[in-house]
Amino acid sequence: MRCRRHAKISLMSCCRGCSEDVTIEDIPETQEVTTTTGTAPQPAETETSAGTEAYDPSTPIPRPPLAELSARPPTPIDESEMAAGSKEVNPEKTVASTNSSSDGIFSIIYTVFKKVAIVGSIYLVGYMGWSVAWLIAPVILSVARDELRKTTEHKRNIAKASAMASEKDVIMARIDELPAWVYFPDVERCEWVNKILKQVWPNANHFARTLVKETIEPNVALALANYKMNGFRFDRIILGTIPPRIGGVKIYDKNVDRNEIIMDLDLFYASDCDINFYLGGMKGGIKDFQIHGWVRVVMKPLIRSMPLVGGLQIFFLNNPNIDFNLVGVIDFMDMPGLSDLLRRIIVEQIGAVMVLPNKLPITLSNEVPAISLKMPEPEGILRIHVVEAKDLMKKDIGVLGKGKSDPYAVINVGAQEFKTQIIENNVNPKWDYWCEAKIFVELGQSLDITILDMDNGKDDEKLGRATIEIFNVIKRGIVDTWLTLEDAKHGLLHVRMQWYKLTADPNDLQAALLETQQLRVTSMSTALLTVFIDSAKNLKQARTSSKPDPYLIAMVGKHKEQTAMIMRDDSPVWEQGFTFLVSNPENESLQIRIMDQKTNNEIGQYTYPLNLLLPKKNMELVSQPFQLQKSGPESKLIMSLSLRILKPAEVLEETEQTASSPESSIALTRSSSLKTPTQESASNKDLQLQTSRISIESPIAEEQIITMNSSPAATPYSAALETGEAVLTHRMPDLTSSTGEYGLGRIQLSIRYSVQRQKLTVTVHKIMYLPLRDPSSIPDPYVKLYLLPARNKESKRKTMVIKDNCNPVYEATFEYLISTAELAQTELEVTVCSQKGFLYGGSPIMGMLKIPLNEPEISSNGINSWMDLQPEMKHD
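Source: prediction; values computed, not measured.

The rules behind each value
Residues numbered from 1 in each chain as written. Predicted model: local features only at pLDDT ≥ 70, side-chain atom pairs only at ≥ 80, totals over all residues. Heavy atoms only, no water. Helix = DSSP H or I, 4+ residues; strand = E, 2+ residues; numbered from the N terminus. Buried < 20%, exposed > 50% of the residue type's maximum accessible area, 1.4 Å probe, protein only. Contact = heavy atoms within 4.5 Å. Areas by Shrake-Rupley, 256 points an atom, 1.4 Å probe, with all protein chains shown as cover. Expected span 1.5 Å × (residues − 1). Bend = angle between axes of the 7 residues up to and from the residue. Pairing = 2+ DSSP bridges. Axes fitted to C-alpha atoms, helices over the stretch in contact; angles between N-to-C directions. Core = buried A, V, L, I, M, F, W, Y, C linked by side-chain atoms within 4.5 Å. Phe/Tyr/Trp six-rings, centres within 6.5 Å; stacked < 30°, edge-to-face > 60°. Salt bridge = Lys/Arg side-chain N within 4 Å of Asp/Glu carboxyl O. Patch = residues over 30% accessible without salt bridge, like charges linked within 9 Å, V, L, I, M, F, W, Y side chains within 5 Å. Lys, Arg positive; Asp, Glu negative; His and termini not counted. pLDDT = per-residue confidence, 0-100. Polar contact = N/O pair within 3.5 Å; in protein donor to acceptor, adjacent residues only side chain to side chain.

Check the secondary structure of the protein chain and you find 19 helices and 36 strands. Buried positions account for 46% of the 876 residues belonging to the protein chain. Contacts spanning at least 24 positions in sequence make up 68% of the contacts within the protein chain whose residues lie at least 6 apart. As presented, the protein chain carries roughly 46100 Å² of accessible surface, and 55% of it is formed by carbon and sulfur atoms.

Written as structure tokens, this is what we have:
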């Protein structure tokens with residue numbers, strides 16, 4: 001029989017590695033402590049080995065739930081008993097106590113010196129007569145850096161724990177961040193893929209090292225050299241033991257070419273990598289690298305011999321979320337503002353490899369030519385017009401408090417980025433900025449617009465963002481919309497977009513040229529040139545002692561692209577493809593230059609006029625050799641060329657465009673966006689007087705007046721309601737002749753829910769036939785929205801107030817982030833109020849209605865209809 005004190009110690013030492021909670025009360029007082037084999041009690045000397053069982057690989061190791069990984073309260077243990085038990089079990093630990101006492105002495109000495117240094121610094125500041133800012137500034141900087149490190153470290157630890165834990169633990173600990181297969185019905189679980197990744201991950205280190213050294217390292221070094229930071233190179237690349245995790249997989253089986261397989265993977269990678277690099281004479285490192293995003297894998301072409309798939313194309317549809325920690329001597333750069341440069345360059349180079357329009361091609365069969373996998377294949381061009389913004393937040397600090405902002409917009413389509421000009425000291429900027437993005441995948445890509453406030457000397461502050469699914473623009477052809485900014489208290493953004501498909505008919509060129517001339521924007525294009533640089537042969541020697549280190553530069557107009565550098569090779573094989581937007585192929589040329597990196601000398605050049613492609617079959621050349629100029633007599637360049645003309649896509653007839661207008665399908669024009677009151681016709685003056693008193697609170701008040709009064713030629717198409725993931729189209733007439741069942745008027749609403757983005761979009765279009773209770777007091781109506789049953793402040797949305805109008809037009813769009821489960825139990829409360837109701841003592845409510853949001857049509861195609869206003873209903 002063992003005494004209870006010894007039994008308690010053995011029990012506690014055993015349960016430290018166990019996930020079960022066992023207390024002393026669970027053991028009967030007369031219970032004997034035996035060995036694991038059930039034999040007679042062993043002597044005290046051997047009891048320590050009884051508590052340590054032999055390792056069995058087949059025995060599953062219990063893991064605590066992820067929520068308990070951050071902090072688990074320790075089991076209360078009597079310190080005196082634990083100390084006694086420790087001495088009995090392992091007497092040799094007395095040496096550790098001696099070391100701890102010596103550590104305590106050093107700790108006291110360190111504390112004394114630290115306090116002396118603090119007091120001495122304060123005395124030095126006073127003695128030298130320095131400003132108190134010399135003392136406060138380092139303290140503030142140090143505290144800010146520590147807090148930033150704590151926050152980022154906490155996020156990385158959670159992400160790393162999620163990657164290491166089982167899927168059940170992830171679900172229980174992070175119920176609000178479930179895997180993709182939980183939210184999306186067309187995304188399937190793929191735990192078997194995660195098991196395979198775990199098995200093959202140790203062998204992936206060699207491939208990753210080759211990819212980083214050959215692709216990312218030279219591009220990062222070149223980018224840093226532009227900032228006078230030379231000598232960048234990776235030294236050690238170890239990916240660690242934590243493999244990527246796939247949260248779900250979606251297989252496309254509709255509208256897919258029979259010669260390819262397309263799948264999307266929800267990739268999450270929180271690594272324990274160890275990557276070292278040198279920057280000049282300094283050594284740094286990257287740890288805790290994390291990346292999260294949707295990866296598309298295209299298997300093509302399908303072949304009849306093993307492995308049945310000729311190759312892979314792997315790429316991110318949109319920019320993934322990337323984070324990492326800098327260590328080593330470069331650690332000083334891991335401070336707010338100083339690490340942005342290195343981080344931005346590394347993220348950009350990852351995007352240059354694997355974010356559309358860039359792809360990572362992998363050849364699996366020698367039967368497949370490289371051009372079939374590496375030749376860019378754009379599906380069309382998206383022309384974007386960022387017109388203006390209204391009612392942006394005020395971020396600058398003025399003398400009398402809040403000043404204004406210096407806003408600019410950043411437009412992202414995959415790895416393509418565009419920036420508008422900066423409008424200083426203005427919360428209602430008008431940019432009138434045009435750009436064109438090359439679209440390589442119709443499904444899955446999005447257009448992201450971020451509004452920022454430019455601040456000199458510190459990071460630019462975000463004023464809001466908006467997201468538009470490109471597929472919906474392609475489906476509509478043309479979209480002209482006001483977007484409500486997300487991550488902002490208020491603000492609207494006016495964006496116009498048009499989709500252009502690519503044709504191989506040279507007869508379409510004249511129409512494209514005429515359109516750009518009418519647009520009067522010199523940066524717009526009429527054609528797209530695709531270039532595939534295969535290889536070069538027999539280049540001349542730039543140095544007598546060795547072969548050249550060639551790379552190729554391709555240029556059309558001001559747009560320049562560059563291949564990778566091939567070490568010591570006079571017949572380099574690049575196999576890289578590029579795309580160029582062409583303003584006028586009749587008078588532009590493709591210019592090729594081949595350079596030697598060591599000497600920076602030109603070792604070959606070639607110029608190809610693009611008008612030579614127009615009479616070619618399908619306007620393309622495939623794997624043609626071209627004699628290089630200013631090179632050797634046998635020097636040749638092998639490349640493929642393809643020219644495509646931009647042609648406006650057809651506009652859907654179900655939009656709210658006027659059916660009788662023959663000009664309703666013309667392309668984007670400046671006159672349709674930069675509208676002026678001079679466009680109004682004399683026949684519409686009465687309607688103008690009716691709406692002339694629209695409140696200036698409305699960011700779209702002026703736009704709406706002009707839309708209602710302008711002629712069809714001035715309004716080629718009306719505003720489409722695009723809010724990130726869906727186009728809300730007008731399937732009902734714009735006007736109604738009924739005053740409603742209760743005689744309170746009717747309201748036109750568009751409601752749509754996106755399952756993929758978990759977002760509810762509500763658009764208040766207009767109200768007609770509000771009752772005029774007092775002819776001397778015309779109402780000033782506005783609309784309020786609430787989500788029931790909660791009806792809290794967070795769900796409140798409100799339109800502008802329109803003065804003296806019984807037929808107000810709002811065209812205001814509002815968004816809610818709400819899960820699918822919550823949507824089924826939620827109602828939308830719409831209330832029409834008059835601002836004059838408060839002033840005259842009566843009820844401000846003119847009518848209201850409640851709309852259940854569990855209708856299937858809301859989650860599929862959305863609804864757009866006129867609804868009768870009902871009398872005021874009391875709140876529950």
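Compared with an ideal rise of 1.5 Å per residue, which puts 22 residues at 32 Å, helix H9 (residues 204–225) spans 30 Å between its outermost C-alpha atoms and is within 8% of the ideal. The largest bend in H9 amounts to roughly 40° and is located at Ile216, with the proline Pro218 lying one to four residues further along. Taken residue by residue, H9 has Ala208, Leu211, Val212, Ile216, Glu217, Val220, Ala223 and Leu224 as its buried positions.

If you trace the four strands from one edge of the open sheet to the other, you get E33-E30-E29-E36, paired in antiparallel fashion. A single partner strand is all that each edge strand has here, and the edge strands are strand E33 (809–817) and strand E36 (863–868). Sheet twist, expressed as the mean angle between neighbouring strand axes with direction ignored, is 20°. Pairing between strand E29 (residues 746–754) and E36: six bridges, direction antiparallel. Bridged to Ile747 within E36 is Met867.

Residues Ile286 and Phe289 are the most contacted members of the largest nonpolar core, which totals 44 residues. In this structure, Phe289 is in contact with Tyr269, Ala270, Ser271, Cys273, Ile322, Asp323, Phe324 and Ile350, ignoring residues within four places of it in sequence.

We now examine the packing of aromatic side chains. Applying the stated criterion across every chain, the model contains six aromatic pairs. Pairing Phe232 with Phe277 gives two aromatic rings, centres 5.3 Å apart and planes at 35°, and the pair type is tilted. Placement of the pair is Phe232 in the loop between H9 and strand E1 (233–238) and Phe277 in strand E4 (residues 274–279), with a sequence separation of 45 residues. On the numbers, 5.8 Å between centres and 75° between planes, the contact of Tyr608 with Phe626 is edge-to-face. Taken together, the positions of Tyr608 in strand E24 (residues 602–609) and Phe626 in strand E25 (residues 620–627) put the pair 18 residues apart, joining distant regions of the chain.

Evaluation of the coordinates by the stated rule reveals 20 salt bridges. Here Lys287 makes a salt bridge to Asp274, at a shortest N to O gap of 3.3 Å. Of this pair, Lys287 sits in strand E5 (residues 282–299) while Asp274 sits in strand E4, placing them 13 residues apart in sequence. The exposure class assigned to Asp274 is buried, which follows from its relative accessible area of 18%. Between Glu515 and Arg383 there is a salt bridge, and its shortest N-O distance comes to 3.4 Å.

Attention shifts here to a nonpolar patch on the surface. On the surface, a nonpolar cluster with roughly 610 Å² of combined accessible area is contributed by Tyr123, Leu124, Tyr127, Met128 and Trp130. By secondary structure assignment, the location of Tyr127 is in helix H4 (residues 94–128).

A few words now on the side chain of Lys784. Note on placement: Lys784 falls in strand E31 (residues 781–788). Within the buried set, Lys784 has no salt-bridge partner at all; the shortest N-O distance to an opposite charge, 7.0 Å, is to Glu829.

Attention now moves to unusual backbone geometry. The step from Lys300 to Pro301 runs through a cis peptide bond, and the omega angle for that step is -15°. By the secondary structure assignment, Pro301 is in the loop between E5 and strand E6 (311–316). Here the bond from Leu788 into Pro789 is cis, since omega is 10°, no more than 30 degrees from zero. Note on placement: Pro789 falls in the loop between E31 and strand E32 (797–798). Phi angles above zero are rare outside glycine, and Glu575 is one such case at about 50°. Tracing the chain through its elements places Glu575 in strand E22 (residues 573–582). Residue Asn600 is not a glycine yet carries a positive backbone phi of 60°. Within the secondary structure, Asn600 sits in the loop between strand E23 (589–596) and E24. Using a relative accessible area of 51% as the deciding quantity, one classes Asn600 as exposed.

Strand order in the open sheet formed by four strands is E32-E31-E34-E35, with antiparallel pairing between adjacent strands. At either margin of the open sheet sits one strand with a lone partner, and together these are E32 and strand E35 (845–852). As defined by bridge partners, strand E34 (residues 827–834) adjoins E35 across seven bridges and the pair is classed as antiparallel. By the bridge assignment, Val832 is partnered in E35 with Gly847.

Once that is clear, we can look at the confidence of the model for the protein chain. Per-residue pLDDT for the protein chain has a mean of 75; in total, 71% of the residues score no lower than 70. Every residue in residues 654–666 is under pLDDT 50, and counting partners more than four places away or in other chains gives 25 contacts. The model gives residues 671–731 a pLDDT under 50, and that stretch makes 142 contacts with residues more than four places away or in other chains.

Attention shifts here to the environment of Ser860. Residue position: Ser860 is located in helix H19 (residues 856–860). Considering only alpha carbons, one finds Ser860 and Ser754, 106 residues apart in sequence, at a separation of 8.0 Å. One polar contact links the side chain of Ser860 to the main-chain carbonyl oxygen of Glu857, over a distance of 3.2 Å.

Time to look at the pairing of strand E12 (residues 407–413). The buried fraction of E12 amounts to seven of the seven residues, a majority that puts the element mostly inside the structure. Of the two faces of E12, both are covered, the one formed by Pro407, Ala409, Ile411 and Val413 as well as the one formed by Tyr408, Val410 and Asn412. Note that E12 and strand E15 (residues 446–453) share six bridges and pair antiparallel. Along E15, the bridge assignment pairs Tyr408 with Leu452. As defined by bridge partners, E12 adjoins strand E13 (residues 416–419) across four bridges and the pair is classed as antiparallel.

With respect to the element layout, Glu855 can be found in the loop between E35 and H19. Residues Glu855 and Ala824, spaced 31 residues apart in sequence, show a C-alpha to C-alpha distance of 8.1 Å.

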